[in-house]
Structure formats: C-alpha cells, structure tokens
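Architecture and fold: a report
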Protein chains: 2
Amino acid sequence: MQARVYVTLKPGVLDPQGNAVRGSLEALGFSKVQDVRLGKYLEIELAETDPMAARASVEEMCRRLLVNPVVESFRVDVPGTP
Amino acid sequence: MQARVYVTLKPGVLDPQGNAVRGSLEALGFSKVQDVRLGKYLEIELAETDPMAARASVEEMCRRLLVNPVVESFRVDVPGTP
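Per chain, residues are indexed from 1 in the order of the written sequence. As they are written, the chains are lettered A onward and the ligands numbered 1 onward, keeping that order. It should be noted that, the model being predicted, local features are given only for residues of pLDDT at least 70 and side-chain atom pairs only at 80 or more, the latter also being counted only at that level, while totals for whole chains, interfaces and linings use all residues. Each side-chain value is derived from all of the structure's non-hydrogen atoms; neither hydrogens nor water enter the calculation.

Considerations on the pattern of salt bridges
All names here are of chain A. So the rule is basically this: Each reported salt bridge corresponds to a side-chain nitrogen of Lys or Arg within 4 Å of a carboxyl oxygen of Asp or Glu. Helix numbering and strand numbering both begin at the N terminus, where a helix is a DSSP run of H or I of at least 4 residues and a strand a DSSP run of E of at least 2. Relative accessibility under 20% of the residue-type maximum defines a buried residue, over 50% an exposed one, and the middle range a partly exposed one, all with a 1.4 Å probe and only protein chains included.
In the structure shown here, the tally under the stated rule is 6 salt bridges over all chains. Of the charged contacts, one joins Glu60 and Arg64 as a salt bridge, the two residues approaching to 3.5 Å between their closest N and O atoms. With a gap of 4 residues between them, Glu60 and Arg64 both fall in helix α2 (residues 51-66), about one helical turn apart. Given the relative accessible area of 44%, Arg64 is considered partly exposed.

Set out below in structure tokens:
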C-alpha cells in the first residue's frame, strides 16, 4: 500500500527556495507568477493492508522524522481513508 | 489561481535521499516501510483566471525550469482542469 505525504512550509515562514524559483520564472518571461512555495513530496510503500493503520503509521513517521512542526505542516494521503 | 506541481524521480532512478529516509524510519522502528521516494511539491500562485491557460503555463514552466526530464517526471494539478 502506498501513502503519499505532502510537506509544506507554514504560512508566514520565509521560503528562500520558492522565492528563487519565482525569480527564475520571471526572468524566463512567466510574468503572471505571483508566488511560489516549495515543499516536499514523499511516496512511502508500506507492507500494510489496513488503510487506517497505514495512515496512522505514516502520520507518526511525519511527527517523529519527516516534518519539523515548528515551520512545516503536512498532509497524508492514503487510498481508502478520509 | 493556484497550481500544484508534483515532481518525482522516474522509476529506476536511484534515490539516495529516499533511501536515507527509509533507513532512518527503520532505525526508528517502522519495520513495515518497504520503499521511500522523495520528490518535490510546488504551489504556484498565478494571476490567471482561465484554468486551461494556467495549466498550459505551468506545464511549460516544468519543461523549461522545474523538471529535469532525463530523471524526473511531473504532474500538474489545477482546479477545474482534467
């Protein structure tokens, strides 16, 4: 079973990488770009058949390793769970 | 209008970062993790009201700057487009 995790910077946290991308896009002529925020995307393959158990496990991974709760928030997407 | 871009390594491309995350998760006791692939996630805010035009623009951004087509593939998600 595959879980997908989206890690984003919280609103208000400076995103120098995103700003650099925005600057580069503007330099390339993409004048309609107003803001770019850069985050992480993880695909985690689990030996788990219960979607709810998979989701709980992945959420714990986020809290313990993948996400810095001071500046980042996360969203977990597991097929078959709300 | 906000577009979301998911950039992933193509299948078969080595992912040392993902492997490092997998190793760390195993060390923390998450024994059911089989594979971890790490990608990028971008939120792009556009001054554009036409969803199809926004999608076309973001896909061009991917081809010209955001994605290395040799080793990466991408998916664009714009509300109101297929």
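There's more to say after this.
Points about the relation of the copies chain A and chain B
The condition that has to hold: The copies were overlaid with a least-squares fit restricted to C-alpha atoms from residues scoring a pLDDT of at least 70 in each copy. In what follows, a contact means two residues having at least one pair of non-hydrogen atoms within 4.5 Å.
After a rotation of 180° and a shift along the axis of 0.0 Å, chain A superposes on chain B with an RMSD of 0.0 Å. As the rotation angle and translation indicate, the two copies are arranged about a two-fold axis. Take the interface residues of chain A: 100% of them recur as interface residues in chain B, which is what a same-surface contact looks like.

Focus on the environment of B:Leu42
The topology assignment puts B:Leu42 in strand β2 (residues 33-46). By relative accessible area, B:Leu42 is classed as buried at 2%. Sequence separation between B:Leu42 and B:Ala56 is 14 residues, and the spatial gap between their C-alpha atoms is 16 Å. Excluding its chain neighbours within four sequence positions, the residues that come into contact with B:Leu42 are A:Val21, A:Val36, A:Arg37, A:Leu38, B:Ala3, B:Arg4, B:Val5, B:Val7 and B:Leu66.

What to know about the environment of B:Glu72
All names here are of chain B. Here Glu72 shows up in strand β3 (residues 72-77). For the pair Glu72 and Arg4, spaced 68 residues apart in sequence, the C-alpha separation works out to 16 Å. When residues no more than four places from it in sequence are discounted, the contact partners of Glu72 are Val7, Thr8, Leu9, Lys10, Lys40, Leu66 and Val67.

Details of the packing of aromatic side chains
For clarity, the cut-off: The pairing test for Phe, Tyr and Trp rings, Trp by its six-membered ring, is centres within 6.5 Å, and the orientation test on the planes gives stacked under 30 degrees, edge-to-face over 60, and tilted for anything in between. Our definition puts a charge over a ring when NZ of Lys or CZ of Arg is within 6 Å of the ring centre and also within 35 degrees of the ring normal.
One pass over the structure, following the stated rule, counts 5 aromatic pairs over all chains. A cation over a ring is seen here: A:Arg75 above A:Tyr6, with NZ or CZ 4.2 Å from the ring centre.

What about the interface of chain A and chain B?
Heads up, the rule is: Once two parts are brought into contact, the accessible area they lose, counted with a 1.4 Å probe and summed over both, makes up the buried area. What qualifies as a polar contact is a pair of N or O atoms within 3.5 Å, subject to a donor-acceptor requirement within protein and to the restriction that residues adjacent in sequence count only when both atoms come from side chains. By the convention adopted, Pro, Cys, Tyr, Trp, Phe, Met, Ile, Leu, Val and Ala count as nonpolar, Lys, Arg, Asp and Glu as charged, and the other residues, Gly among them, as polar. We treat two strands as partners when DSSP finds at least two bridges between them.
Residue-level contacts link 33 residues of chain A with 33 residues of chain B. Buried surface at the junction of chain A and chain B, summed over both partners, amounts to about 3,000 Å²; 65% is from carbon and sulfur atoms. Across the pair A:Lys32 and B:Glu48 runs a salt bridge, and its minimum N-O distance is 3.0 Å. At the boundary of chain A with chain B, the tally comes to 12 residue pairs in polar contact (both at pLDDT 80 or more). When residues of the side of chain A that touches chain B are traced back to their parent elements, those giving at least two are β1 (2-9), α1 (16-27), β2 (33-46) and α2 of chain A. Counting residues per element, the side of chain A that touches chain B draws most heavily on β2(A), which supplies 14 residues. Taken together, the residues of the side of chain A that touches chain B break down into 17 nonpolar, 5 polar and 11 charged. Pairing geometry for β2(A) and β2(B), over 13 bridges, is antiparallel.

A short note on the confidence of the model for chain A
Applied cut-off: The pLDDT value expresses, per residue, how confident the predictor is, ranging between 0 and 100.
Of all residues in chain A, 100% have pLDDT values of 70 or greater, and the mean over the chain is 96. Two summary scores accompany this predicted model of the complex, namely pTM at 0.91 and ipTM at 0.90.

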